[in-house]
Amino acid sequence: MIIGFFGKGGSGKTTTCFQFLQNVRDEYVETFAIDADHNMDLSYNLGVEHPEAYVGQPKTLSSGIRFMAAGPHTEEVFRGDVCSHYLFRPLKDQLRDRPRNHNELVVVDNTAGMDSVGAGIPALLDVAVVCVEPAIHSLKVGRQVADGLKRTQTQTVIVANKIQTPEQEQEIRRAFPEYTIVTVPLGHPGKAFHGLHTAVRNLI
Ligand SMILES: Nc1ncnc2c1ncn2[C@@H]1O[C@H](COP(=O)(O)OP(=O)(O)OP(=O)(O)O)[C@@H](O)[C@H]1O
Ligand SMILES: [Mg+2]
């Protein structure tokens, strides 16, 4: 099962991805974490000190999790000489034609916003998780991402993250009426992994 985490910057992609992986990994024979964000926050959460050594080269961490990074931003990208989409290449190479194995959990922590959607990553996944905060810009980007995922017919779950009041949860439910919503309270990012796992499994 290949699950990608999407959403606006700061919406909780990396945290949700990491918590999900840590909490459900025992239910799978193999786990594979891919840090597809060039800021490499998932690498940090997993205790990987030199993610550059894992760019396009999966290796097993001491925790038993297999790990790969898509790569840090490069000078060529910063200078504008090449498009940042070339950084998605190792991710695409890993996931394209990957045999679907229900004993394997693959999580992909994506770059913020529409970039990874535009780069064609959703077509390589079984399920997408879109993280949305109760804030106008997060809702807007979440909606754009969800609509982009529809175009590739990627099954999608919405995580309503950092929720403090029932009104905030309702706001997100109203904005995404056609989706399964999993609510994660502010201050308890690891709380909803069970509900998220069930929601994801129900879609595949
Ligand atoms: N449910 C939550 N409760 C409290 N804090 C949270 C929760 N989820 C995430 N955070 C915090 O919000 C911040 C942003 O989270 P995170 O880094 O996971 O977002 P992101 O979408 O991966 O951001 P980026 O776009 O920069 O990669 C972090 O400081 C994280 O600890
Ligand atoms: Mg992140």
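The structure we're discussing is the one just above.
Predicted model only: the values in this text are computed from it and were never measured. (Residues numbered from 1 in each chain as written. Chains lettered and ligands numbered in written order. Predicted model: local features only at pLDDT ≥ 70, side-chain atom pairs only at ≥ 80, totals over all residues. Heavy atoms only, no water.)

The next thing to look at is the site of ligand 1. Within the structure, ligand 1 sits among 19 residues, and Lys13, Thr14, Thr15, Asn161 and Gly187 are positioned closest to it. Taking Ser11, its main chain carries an N or O atom lying 3.2 Å from an oxygen atom of ligand 1. Thr15 has a polar side-chain atom sitting 2.5 Å from an oxygen atom of ligand 1. Secondary-structure elements contributing two or more residues to the shell around ligand 1 are α1 (13–24), β7 (155–163) and β8 (180–185). Among the elements that make up the shell around ligand 1, the one with the highest residue count is α1 (3 residues). For the shell around ligand 1, the residue count by class is 5 nonpolar, 9 polar and 5 charged. (Near = heavy atom within 4 Å. Polar contact = N/O pair within 3.5 Å; in protein donor to acceptor, adjacent residues only side chain to side chain. Helix = DSSP H or I, 4+ residues; strand = E, 2+ residues; numbered from the N terminus. Nonpolar A, V, L, I, M, F, W, Y, C, P; charged D, E, K, R; others polar.)

What follows deals with the environment of Gly80. Position of Gly80 among the secondary structure elements: in the loop between α3 (75–79) and α4 (89–95). Sequence-wise, Gly80 and Phe6 are 74 residues apart; in three dimensions their C-alpha atoms are separated by 25 Å.

Moving on: the sheet that holds strand β1 (residues 2–7). If you walk across this open sheet you meet the 8 strands as β3-β4-β2-β5-β1-β6-β7-β8, and the pairing is mixed. The open sheet has two edge strands, β3 (59–60) and β8, and neither has a second partner. Here strand β2 (residues 30–35) runs beside strand β5 (residues 104–109); their pairing, made up of 6 bridges, is parallel. Looking across to β5, one finds that Ile34 is bridged to Val108. In the packing of α1 onto the sheet, contacts are made with β1, β2, β5, β6 (127–132) and β7, and the angle to β5 comes to roughly 165 degrees. In this fold helix α7 (residues 166–175) packs onto β6, β7 and β8, with an angle of close to 155 degrees to the strand it touches most, β7. (Pairing = 2+ DSSP bridges. Contact = heavy atoms within 4.5 Å. Axes fitted to C-alpha atoms, helices over the stretch in contact; angles between N-to-C directions.)

Now for the packing of aromatic side chains. The full count for this structure, using the stated rule, is 3 aromatic pairs. Plain terms: the ring middles of Phe5 and Phe20 are 6.1 Å apart, the flat faces sit at 55 degrees to each other, and that makes the pair tilted. Within this pair, whereas Phe5 is found in strand β1, its partner Phe20 is found in helix α1, the two being separated by 15 residues in sequence. Assigned by exposure class, Phe5 and Phe20 land together as buried. Considering the side-chain rings of Phe176 and Tyr179, the 6.2 Å spacing of their centres and the 65 degrees angle between planes classify their relative orientation as edge-to-face. Of the residues examined, Phe176 reaches a relative accessible area of 1% and is grouped as buried. A relative accessible area of 13% means that Tyr179 is categorised as buried. Above the face of the Tyr54 ring, Lys59 is positioned so that its terminal group lies 4.8 Å from the ring centre. (Phe/Tyr/Trp six-rings, centres within 6.5 Å; stacked < 30°, edge-to-face > 60°. Buried < 20%, exposed > 50% of the residue type's maximum accessible area, 1.4 Å probe, protein only. Lys NZ or Arg CZ within 6 Å of the ring centre and 35° of its normal.)

What follows concerns the packing of α1 against helix α8 (residues 193–203). Closest axis-to-axis distance for the α1/α8 pair is 9 Å, and the angle between their directions is 85 degrees. It follows that α1 is roughly perpendicular to α8 by the angle criterion. Across the interface between the two elements, Thr16, Gln19, Phe20, Asn23 and Val24 from α1 touch Phe193, Leu196 and His197 from α8. For the contact of α1 with α8, the class distribution of residues is 4 nonpolar, 4 polar and no charged. (Parallel < 35°, antiparallel > 145°, perpendicular 65-115°, else oblique.)

Moving on, we get to the pattern of salt bridges. For the structure shown, the criterion picks out 11 salt bridges. A salt bridge links Glu133 to Lys162, with the nearest nitrogen and oxygen atoms 3.3 Å apart. Separated by 29 residues along the polypeptide, Glu133 in the loop between β6 and α6 (136–151) and Lys162 in strand β7 bring together distant segments of the chain. Measuring nitrogen to oxygen at the nearest pair gives 2.6 Å for the salt bridge that ties Glu178 to Lys150. In this pair, Glu178 is assigned in the loop between α7 and β8 and Lys150 in helix α6, connecting sequence segments 28 residues apart. The class of Glu178 is partly exposed, set by a relative accessible area of 40%. Three or more residues are tied together by salt bridges with common partners; here these are Arg143, Asp147, Lys150 and Glu178. (Salt bridge = Lys/Arg side-chain N within 4 Å of Asp/Glu carboxyl O.)

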